[in-house]
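Secondary and tertiary structure notes
Below, each chain spelled out in residue letters.
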Amino acid sequence: MSFTRADFDQYMVPNYSPAAFVPVRGEGSRVWDQEGREYIDFGGGIAVNSLGHCHPALVKALTEQGNKLWHLSNVFTNEPALALAKKLIEHTFAERVFFCNSGAEANEAALKLARRASIEQFGENKHKVLAALNSFHGRTFFTVCVGGQAKYSDGFGPRPAGIEHFEYNNLESLKALIDDDTACVIVEPIQGEGGVTPATQAFLQGVRELCDQHNAILIFDEVQSGNGRSGSLYAYQDFGVTPDILSTAKGLGGGFPVGAMLTTEKLAKHLAVGTHGTTYGGNPLACAVAGAVLDVITDPAVLAGVKAKAERIRSRLLAISAKYPVFQEVRGMGLLIGAELNDRYKGRARDVLALATQEGAMILMAGPDVLRFAPSLVMPDADIDEGLNRFEKAIAKLVA
Ligand SMILES: *Cc1c(COP(=O)(O)O)cnc(C)c1O
């Protein structure tokens, strides 16, 4: 049995446009395709494979749980879910946890909780949701409309009401919208899909203060920035600004689908029995794997390694750009790095991705002008160096 990329167009809904090769196996930061060609992976499945491919601790957790108990429903609780919740609470501001299966679902839960808590305390009018332009919060219809990119939300008919957008890193713009009818403000501490733009310290602090002044709930969407990627377990810890609700997914499961919403006891009580739910949320397989991910990531040596590896990649990208002037800026936080193409190469991120795969390096884009690197947090230095050698060859071809 063998399939090719052409089969994709025959069998699949055409909402994706995958690469020409078909990966079949991965180990650490390396991936092999059907032809046995090897690639070095700087994408990590879009910031998902936080510990690379087939990390032994995750394979062990998955196979052990796979031989014990797969699923029961939320009519029962289970040990891996309770253990994971306890770990998340021990390592963050959170006092209560809700599990789901993706980032969009974590945000959906966060937004529904924020509205419900606001309406129950202050009345029906307190339902306004404020979000940043250019932000990304998922693809369910509520979360995609909260997200600040019309290209993702247009064309699906009437939108949920009560959503307004401010400019990211512009406190005045938020000040002009926030009022006592605001239920919540949702912010990515680092805008990921929108171009890998970190928030400024003053902005996040200012958002927190404005929320406090108006009894608005502050939600941090850490679906992409979280789980060690920034160099702390969650990026809010780097900024020292604490949200009321935090959503996480992507790196939490290291490749196994899982999402979580973290919050305080005070807010959690507004999601009383029957007010929200999901069939798979808190699934024992997902929670067993995520528990193993957290055990590795909360090791201070791993988090310190993130900062060192980030510097290794950043400095090499700057050296490449000194040799072949292609980037206007290299930015990001920890191992979420964006390299913005300069005017001459604007709009050509997709071409760079294709050239890089030809050289055996997998990278990502974040919009048409930004190359994105979101590799494994434990990527070996030798793979970083070899991968960036390959990437440099791709850049040399781009400028040739
Ligand atoms: C990827 C992402 C999401 C959506 O996560 P899914 O698992 O695709 O639903 C939400 N917010 C941010 C910041 C993301 O990067």
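Reading the values: the criteria
- Residues numbered from 1 in each chain as written.
- Predicted model: local features only at pLDDT ≥ 70, side-chain atom pairs only at ≥ 80, totals over all residues.
- Heavy atoms only, no water.
- Phe/Tyr/Trp six-rings, centres within 6.5 Å; stacked < 30°, edge-to-face > 60°.
- Helix = DSSP H or I, 4+ residues; strand = E, 2+ residues; numbered from the N terminus.
- Buried < 20%, exposed > 50% of the residue type's maximum accessible area, 1.4 Å probe, protein only.
- Domains from an automatic or database assignment.
- Contact = heavy atoms within 4.5 Å.
- Buried area = accessible area lost by both parts, 1.4 Å probe.
- Salt bridge = Lys/Arg side-chain N within 4 Å of Asp/Glu carboxyl O.
- Polar contact = N/O pair within 3.5 Å; in protein donor to acceptor, adjacent residues only side chain to side chain.
- Axes fitted to C-alpha atoms, helices over the stretch in contact; angles between N-to-C directions.
- Left-handed = near helix turned anticlockwise from the far one by under 90°.
- Nonpolar A, V, L, I, M, F, W, Y, C, P; charged D, E, K, R; others polar.
- Core = buried A, V, L, I, M, F, W, Y, C linked by side-chain atoms within 4.5 Å.
- Near = heavy atom within 4 Å.
- Areas by Shrake-Rupley, 256 points an atom, 1.4 Å probe, with all protein chains shown as cover.
- Pairing = 2+ DSSP bridges.

What follows concerns the packing of aromatic side chains. Two numbers describe a pair of aromatic rings. These are the distance of the centres and the angle of the planes. In total, this model carries eight aromatic pairs according to the counting rule given. Judged by centre distance (5.6 Å) and plane angle (75°), the ring pair of Phe 42 and Phe 373 falls under edge-to-face. With Phe 42 in the loop between strand E3 (38-41) and helix H2 (44-47) and Phe 373 in strand E17 (residues 370-373), this residue pair connects regions lying 331 residues apart in the sequence. Pair check on accessibility: Phe 42 and Phe 373 agree, each one buried. Taken together, a centroid distance of 6.3 Å and an interplanar angle of 65° make the contact between Phe 141 and Phe 156 edge-to-face. A residue pair is termed long-range when its members are at least 10 positions apart, and Phe 141 in helix H6 (residues 141-146) and Phe 156 in the loop between helix H7 (150-153) and strand E6 (163-166) qualify at 15 residues. Taking relative accessible area as the criterion, Phe 156 reaches 58% and is therefore assigned exposed.

Accessible area lost during the coming together of the parts is what is often quoted as the interface size. Domains assigned within the protein chain are domain 1 (5-54 + 300-399) and domain 2 (69-297). The C-alpha-based centres of domain 1 and domain 2 are spaced at 27 Å. Between domain 1 and domain 2, the contact holds 26 residues from the first and 25 residues from the second. Taking both sides of the interface into account, the surface hidden between domain 1 and domain 2 amounts to around 2,100 Å²; carbon and sulfur atoms contribute 63%. When residues of domain 1 are sorted by the area they lose upon contact with domain 2, Leu 303, Met 333 and Leu 336 head the list and together hold 29% of the total. Inspection of the region where domain 1 meets domain 2 yields two salt bridges. Its salt-bridge partner being Asp 238, residue Lys 307 comes within 3.8 Å of it at the nearest N-O pair. Taken together, the connections running from domain 1 to domain 2 amount to nine residue pairs in polar contact (both at pLDDT 80 or more). Secondary structure elements with two or more residues in the side of domain 1 that touches domain 2: H2, helix H13 (300-323), strand E13 (327-333), strand E14 (336-341) and E17. Here the side of domain 1 that touches domain 2 takes four residues from H13, the largest share from any one element.

In contact at an axis separation of 8 Å, helix H4 (residues 79-91) and helix H12 (residues 284-297) are set at 35° when each is read in the N-to-C sense. Once H4 is placed against H12, the crossing between them reads as left-handed. Taking contact as the criterion, the partners of Pro 80, Ala 81, Leu 84, Lys 87 and Leu 88 in H4 are, on H12, Pro 284, Cys 287, Ala 288, Ala 290, Gly 291, Leu 294 and Asp 295. Residue classes in the contact of H4 with H12 are distributed as nine nonpolar, one polar and two charged.

Before going further, it helps to examine the nonpolar core. Core analysis: the largest hydrophobic core is formed by 93 residues, its most contacted members being Val 185, Val 187, Leu 371 and Phe 391. It is H12 that contributes the most residues to this core, nine residues altogether. Counting residues domain by domain, this core receives three or more from each of domain 1 (5-54 + 300-399) and domain 2 (69-297). In terms of nonpolar packing, the next biggest core, distinct from the first, is built from 23 residues, Leu 113, Ala 114, Cys 184 and Ile 245 among them.

Here we take up the pattern of salt bridges. Pairs can form between side chains of opposite charge once their charged atoms are near each other. Counted according to the given criterion, the structure contains 30 salt bridges. Residues Asp 381 and Lys 309 are paired through a salt bridge, measuring 3.3 Å at the closest nitrogen-oxygen approach. Taken together, the residues span a long stretch of sequence, with Asp 381 in helix H15 (residues 381-399) and Lys 309 in helix H13 at a distance of 72 residues. For Asp 381, a relative accessible area of 33% corresponds to the partly exposed category. By relative accessible area, Lys 309 is classed as buried at 15%. In this structure, the salt-bridge partner of Arg 316 is Glu 392, at a minimum N-O distance of 2.9 Å. Separated by 76 residues along the polypeptide, Arg 316 in helix H13 and Glu 392 in helix H15 bring together distant segments of the chain. Taken together, the shared-partner salt bridges connect Arg 30, Glu 38, Asp 383, Glu 386 and Arg 390 into one network.

The next thing to look at is the site of the ligand. For the ligand, the full set of nearby residues is Ser 102, Gly 103, Ala 104, Asn 107, Phe 136, His 137, Gly 138, Glu 188, Asp 221, Val 223, Gln 224 and Lys 250. Contacts to the ligand include Gly 103, whose backbone N or O atom sits 2.8 Å from an oxygen atom. Here Lys 250 contributes a side-chain N or O atom positioned 2.6 Å from an oxygen atom of the ligand. Taking 380 Å² as the accessible area of the ligand by itself, protein coverage stands at 83%. A total of three residues in the shell around the ligand trace back to one element, the largest contributor, which is helix H5 (residues 103-122). In the shell around the ligand, the residues fall into three nonpolar, six polar and three charged.

Below, the discussion takes up the sheet that holds strand E4 (residues 96-100). Spatial ordering of the open sheet is given by E4-E12-E11-E10-E7-E5-E6, a layout of seven strands whose pairing is mixed. Taken across any chain shown, the strands that pair with only one partner, and hence form the sheet edges, are E4 and E6. In this sheet, adjacent strand axes meet at a mean angle of 20° when their direction is disregarded. Bridge count between strand E7 (residues 182-187) and strand E10 (residues 217-221): four bridges; the pairing is parallel. Within E10, the residue paired with Val 187 across the bridge is Phe 220. Across the sheet, H4 touches E4 and strand E12 (259-263), and the angle it forms with E4 is around 130°.

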